[in-house]
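Each chain, written out:
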Amino acid sequence: MRLCIIGTGYVGLVTGTCFAEVGHQVICVDNNEAKVRQLQAGQIPIYEPGLDELVARNVAAGRLRFTHKIADGVENSEVVFIAVPTPPQADGSVDLSFIEGVAREIAGCLTSYKIIVDKSTVPVRTGDKVRETIHRYSRSKVEFDVVSNPEFLREGFAVEDLMKPDRVVIGVLTQRPVIAMREIYEPFNAPIIVTDIHSAELIKHAANSFLALKISYINAVSVLCEATGADVVEVANGMGLDKRIGRQFLNAGIGFGGSCFPKDLSAFIKISEQVGFDFQLLKEVQSINAGQMDRFLKKITDTLWVLKGKRLGVLGLAFKQNTDDVRMSPAIDLCRRLLAEGARLRVHDPKAMEKARAVLPPGDNVEYIDDLHEVAEGCDALLVATEWPEFTRIDLDRVRRQLSHPILFDGRNLFDRAEMERLGFIYKSVGR
Ligand code: UDX
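As the structure is a prediction and not an experimental result, all values here were calculated from the model.

1. Observations concerning the pattern of salt bridges
Here's step 1: Tallying each qualifying case throughout the model produces 26 salt bridges.
Here's step 2: Among the ionic pairs, lysine 35 bridges to aspartate 30, the shortest N-O distance being 3.9 Å.
Here's step 3: Notably, a salt bridge pairs arginine 176 with glutamate 143, separated by 2.6 Å at the nearest N-O pair. Placement of the pair is arginine 176 in the loop between strand E7 (168-172) and helix H8 (178-185) and glutamate 143 in the loop between helix H6 (126-137) and strand E6 (144-148), with a sequence separation of 33 residues.
Here's step 4: The exposed category is assigned to glutamate 143, whose relative accessible area is 54%.
Here's step 5: One salt-bridge network, held together by shared partners, links Lys270, Glu273, Asp278 and Lys283.

2. Looking at the sheet that holds strand E10 (residues 344-348)
Picture the strands of a sheet paired through backbone hydrogen bonds; they go either parallel or antiparallel.
Here's step 1: Taken in spatial order, the six strands of this open sheet run E11-E10-E9-E12-E13-E14, and their pairing is parallel. Pairing within the sheet leaves two strands with one partner each, and these edge strands are strand E11 (366-368) and strand E14 (426-428). Ignoring strand direction, the axes of neighbouring strands in this sheet form an average angle of 20°.
Here's step 2: Pairing of strand E9 (residues 311-315) with strand E12 (residues 381-384), which is carried by four bridges, proceeds in the parallel orientation. The partner of leucine 312 across the bridge, within E12, is alanine 381.
Here's step 3: Together, E9, E12, strand E13 (407-410) and E14 form the strand contacts of helix H12 (residues 280-304), whose direction differs from that of E13 by roughly 170°.
Here's step 4: The strands touched by helix H13 (residues 330-340) are E9, E10, E11 and E12; relative to E10, the strand with the most contacts, the crossing angle is about 160°.

3. Concerning H6
The α-helix advances 3.6 residues per turn, and as a result positions three or four apart in sequence lie on the same side.
Here's step 1: Counted at 1.5 Å a residue, the expected span for H6 with its 12 residues is 16 Å, and the 17 Å between its end C-alpha atoms agrees.
Here's step 2: The secondary structure elements touched by the buried residues of H6 are helix H5 (97-108), strand E5 (114-118), E6 and helix H9 (197-228).

4. Describing the domain arrangement of the chain
Here's step 1: According to the domain assignment, the chain consists of domain 1 (2-190) and domain 2 (211-428).
Here's step 2: Taking the mean C-alpha position of each, domain 1 and domain 2 sit 34 Å from one another.
Here's step 3: Opposite the 20 residues of domain 1 that make contact, domain 2 presents 18 residues.
Here's step 4: Counting the surface lost from both domain 1 and domain 2, the interface buries some 1600 Å², and carbon and sulfur atoms represent 55% of this.
Here's step 5: The largest per-residue losses of area from domain 1 upon contact with domain 2 belong to Tyr10, Tyr47 and Glu155, which jointly make up 36% of the total buried on that side.

5. Structural notes on the site of the ligand
Here's step 1: Near the ligand lie 21 residues; those nearest to it are Leu153, Glu155, Lys204, Phe319 and Glu387.
Here's step 2: At 2.9 Å, a backbone N or O of asparagine 251 approaches an oxygen atom of the ligand.
Here's step 3: At 3.2 Å, a side-chain N or O of arginine 412 approaches an oxygen atom of the ligand.
Here's step 4: The fraction of the free accessible surface of the ligand (660 Å²) that becomes covered by protein chains is 94%.
Here's step 5: Split by residue class, the shell around the ligand holds 10 nonpolar, four polar and seven charged.

Reading the values: rules and limits
- Residues numbered from 1 in each chain as written.
- Predicted model: local features only at pLDDT ≥ 70, side-chain atom pairs only at ≥ 80, totals over all residues.
- Heavy atoms only, no water.
- Salt bridge = Lys/Arg side-chain N within 4 Å of Asp/Glu carboxyl O.
- Helix = DSSP H or I, 4+ residues; strand = E, 2+ residues; numbered from the N terminus.
- Buried < 20%, exposed > 50% of the residue type's maximum accessible area, 1.4 Å probe, protein only.
- Pairing = 2+ DSSP bridges.
- Axes fitted to C-alpha atoms, helices over the stretch in contact; angles between N-to-C directions.
- Contact = heavy atoms within 4.5 Å.
- Expected span 1.5 Å × (residues − 1).
- Domains from an automatic or database assignment.
- Buried area = accessible area lost by both parts, 1.4 Å probe.
- Near = heavy atom within 4 Å.
- Polar contact = N/O pair within 3.5 Å; in protein donor to acceptor, adjacent residues only side chain to side chain.
- Areas by Shrake-Rupley, 256 points an atom, 1.4 Å probe, with all protein chains shown as cover.
- Nonpolar A, V, L, I, M, F, W, Y, C, P; charged D, E, K, R; others polar.

Okay, here's the thing in structure tokens:
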């Protein structure tokens with residue numbers, strides 16, 4: 001199929017590249033001309049394992065190209081995917097101005113039947129608005145269909161998640177676009193659910209909010225574990241063996257962040273209010289999440305007493321492992337709160353250092369350390385804020401010698417408690 005993807009961010013670039021990888025002809029559009037030139041030169045502005053080789057291979061094969069002109073993309077495609085940002089607003093609602101702007105631009109260049117697919121995460125009933133907008137601004141009044149096709153990509157695993165999706169969700173108003181949508185996804189060999197547009201839009205918010213709920217649930221259980229001497233990792237293992245529960249997303253820690261969970265939770269709560277339902281359960285998910293950070297900070301002050309002037313090593317700045325993304329990162333939030341207490345930080349992240357510098361500027365109290373094994377040098381304690389697997393391979397004997405006193409706060413339960421205590425550390429983790 002000839003496909004156009006509008007928006008080359010985490011979702012659009014990965015989606016377009018994977019579509020090309022399975023044999024489709026793909027045009028990726030971005031209104032940022034500098035970014036388009038970067039992509040045409042083979043420079044990938046985001047860290048996503050495996051993405052750069054995929055882009056290079058498909059550009060070389062002539063299946064993938066980039067342009068900043070929407071008309072170029074729309075006129076040369078049968079199906080147009082909207083994958084532009086839908087950022088959160090202060091009141092928790094979603095800013096749909098990019099979606100509306102792109103819908104109007106598409107309307108202006110429709111000259112034959114097209115399928116317009118909403119890939120961006122949007123509140124339910126946005127598809128109706130997109131359809132009304134295109135109808136209103138379309139000069140040619142040609143026929144078109146609007147489809148909802150939400151994405152379920154995890155950052156850091158986006159290529160894997162798209163090449164091997166658990167399911168493909170397609171929301172339609174009429175049956176006309178179904179054949180083409182099935183043809184697009186047929187090479188991915190995944191279950192395809194064809195449903196109405198509203199259900200498809202709701203599946204996204206309902207799934208993401210449920211994953212966040214699962215994390216807050218195990219984080220709430222971690223508080224009970226601490227109060228009763230249980231180990232939340234053991235509890236999660238015992239729960240997770242039940243196939244109806246599953247072990248994933250039961251890792252207690254300093255809480256969830258990222259550009260999706262916090263935003264999708266707020267949006268889901270907001271859209272629920274707008275249709276007359278007070279989604280208390282999700283508000284509780286948010287407050288438990290915020291509580292985890294408060295509790296972790298209290299652990300640090302209970303152990304170190306005064307933080308002012310203390311030198312702390314922080315491992316991890318990204319919102320999770322395998323990504324360079326620091327948007328709504330709990331690790332950055334933790335650093336900010338430690339700085340507010342007067343602490344001085346030596347920070348490290350395998351991939352997110354560059355993006356972190358923009359939001360946590362280096363200075364007298366924030367030193368960026370390139371080598372993981374140098375972070376603890378001269379510090380009063382070492383903290384783990386992001387679940388990068390490489391942190392578990394740090395030389396703990398050396399860390400113990402580098403620290404003024406062997407104290408480690410593990411916000412992601414990466415280390416084995418018995419091993420840490422055997423090594424003589426004061427070891428504080430979450431729910432154990
Ligand atoms: C999420 C959804 O997983 C994905 O399906 C959706 O398309 C987009 O939002 P993402 O935000 O990229 O993906 O990351 P995810 O792996 O879900 O982790 C989100 C946050 O939860 C991270 O801060 C992570 O550290 C935290 N987390 C995850 C936990 O605290 N505990 C867990 O068990 C799992």
